[in-house]
Amino acid sequence: MDFLCEHVVERKKTGLYRYKSIAIASLFVIIPAIIIVVCMAIGSISKDLLFLRGSVFLIPLFAFIAVKFGPIATAYGTVAYEYSVMSGEMSFAKIYGDRFRRDWFTFKLSDAEKIAPYNYIYQDSADKDHFAATYKAISSFDATNIYFCIFKNNKNERCIVYFEPIKKSLKMIKTYFPATVMTNVPD
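Everything numeric in this text was worked out from a predicted model, so none of it was measured.

1. So, the overall build of the chain
Consideration 1: Within the chain, the regular secondary structure consists of 4 helices and 8 strands.
Consideration 2: Of the regular secondary structure in the chain, the N- to C-terminal order runs β-α-α-β-β-β-β-α-β-β-β-α.
Consideration 3: For 187 residues, the compact-globule estimate of 2.2 N^0.38 gives 16 Å, and the chain exceeds it by more than 25% at 24 Å.
Consideration 4: With 187 residues in all, the chain has 38% of them scored as buried.
Consideration 5: If you take every contact in the chain between residues at least 6 apart in sequence, the share linking residues at least 24 apart comes to 58%.
Consideration 6: Summed over all atoms, the accessible surface of the chain reaches about 11400 Å², with 60% contributed by carbon and sulfur.
Consideration 7: Side-chain charges in the chain split into 23 positive and 17 negative, and the spacing between the mean points of these groups amounts to 6 Å.

2. Comments concerning the sheet that holds strand 1 (residues 4-10)
Two strands in a sheet stick together by hydrogen bonds in their backbones, pointing the same way (parallel) or opposite ways (antiparallel).
Consideration 1: Here we have 4 strands laid out as an open sheet, ordered 1-2-3-4, and antiparallel in their pairing. Edge positions in the sheet fall to strand 1 and strand 4 (100-108), since each of these pairs with one other strand and no more. Ignoring strand direction, the axes of neighbouring strands in this sheet form an average angle of 20°.
Consideration 2: Where strand 3 (residues 89-96) lies against strand 4, 8 bridges are found, and the strand directions are antiparallel.

3. Comments concerning the nonpolar core
Consideration 1: Counting residues in each nonpolar core, the largest one holds 28 residues, and the members touching the most others are M90, F92, F107, I115, V161 and F163.
Consideration 2: When residues of this core are traced back to their parent elements, those giving at least two are strand 2 (79-86), strand 3, strand 4, strand 5 (112-117), strand 6 (133-137), strand 7 (147-152), strand 8 (158-163) and helix 4 (167-176).
Consideration 3: When residues in this core are grouped by element, the largest group, 4 residues, is from strand 2.
Consideration 4: If sequence neighbours within four positions are ignored, F92 has contacts with E82, Y83, D103, W104, F105, F107, A137, V161 and F163.
Consideration 5: Counting residues in hydrophobic clusters, the runner-up holds 11 residues, among them A116, A143, I150 and I160.

4. Focus: the pattern of salt bridges
Consideration 1: Applying the stated criterion across every chain yields a total of 4 salt bridges.
Consideration 2: Between D103 and R101 there is a salt bridge, and its shortest N-O distance comes to 2.6 Å.
Consideration 3: Classification of D103 as exposed rests on a relative accessible area of 64%.
Consideration 4: For the salt bridge of R158 with E113, the shortest nitrogen-to-oxygen distance reads 3.0 Å. You can see R158 sitting in strand 8 and its partner E113 sitting in strand 5, a full 45 residues away along the chain.
Consideration 5: The class of R158 is partly exposed, set by a relative accessible area of 26%.

Cut-offs used in this document
Residues numbered from 1 in each chain as written. Predicted model: local features only at pLDDT ≥ 70, side-chain atom pairs only at ≥ 80, totals over all residues. Heavy atoms only, no water. Helix = DSSP H or I, 4+ residues; strand = E, 2+ residues; numbered from the N terminus. Rg over C-alpha atoms; globule rule 2.2 N^0.38 Å. Buried < 20%, exposed > 50% of the residue type's maximum accessible area, 1.4 Å probe, protein only. Contact = heavy atoms within 4.5 Å. Areas by Shrake-Rupley, 256 points an atom, 1.4 Å probe, with all protein chains shown as cover. Lys, Arg positive; Asp, Glu negative; His and termini not counted. Charge placed at Lys NZ, Arg CZ, Asp CG, Glu CD. Pairing = 2+ DSSP bridges. Axes fitted to C-alpha atoms, helices over the stretch in contact; angles between N-to-C directions. Core = buried A, V, L, I, M, F, W, Y, C linked by side-chain atoms within 4.5 Å. Salt bridge = Lys/Arg side-chain N within 4 Å of Asp/Glu carboxyl O.

Below you can see the structure in the form of C-alpha cells.
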C-alpha cells in the first residue's frame, strides 16, 4: 500500500479571476503614473513645492521596480491547490504561479465528521450547516468530481473543505476514515 498521495488542481480562470494577473501587472504602471501626475499637480500649486516636478526623474526607478518585482507579483494571479494524504493526515497548500508554495491547513482524517461527494444526495449536509471556515480547493464548482469533508480544526471549530480527489487518494482516505462515501472518480 502507498503511504503518500499528492494531487494538484489548478483553479479555472472564470469570472473576474481571469483578470487577476493582468490587474496586478497593470498596477506597476498605474500607481507610478498616478504618483507622478499628483506630484506634478502639487508642484504647480506654489513655488515652494516646485521640487515635486522632479518626480519625472523617478521613472527609471519605477521601471526597475516593475521589471524586478512585476513577474514575482503576477505569479500571485494564478492559484493551484495541492492536497496530500499521508499517515492519516490530509494537508492542503496553495501554489501561486507554479513558483511559490504556501501551506494552507492540515487536519487528521480521524477528526473528520463526513467525507462524501458534493452531489444532489449529500449536498444538503454541506450547504445547510454553519462552519467556522470554508476552504475551496477545487478548480470550480462546475467540476464533476467534487468531494467535501467536514472536520474539526485545531481550535475545535467545525470547518468544511471542497476538493477534487483521484482514485488513489480516495482509497487512502477510506483507509483512515472508513465512513467515506466512495464514487467512481478518475485516476
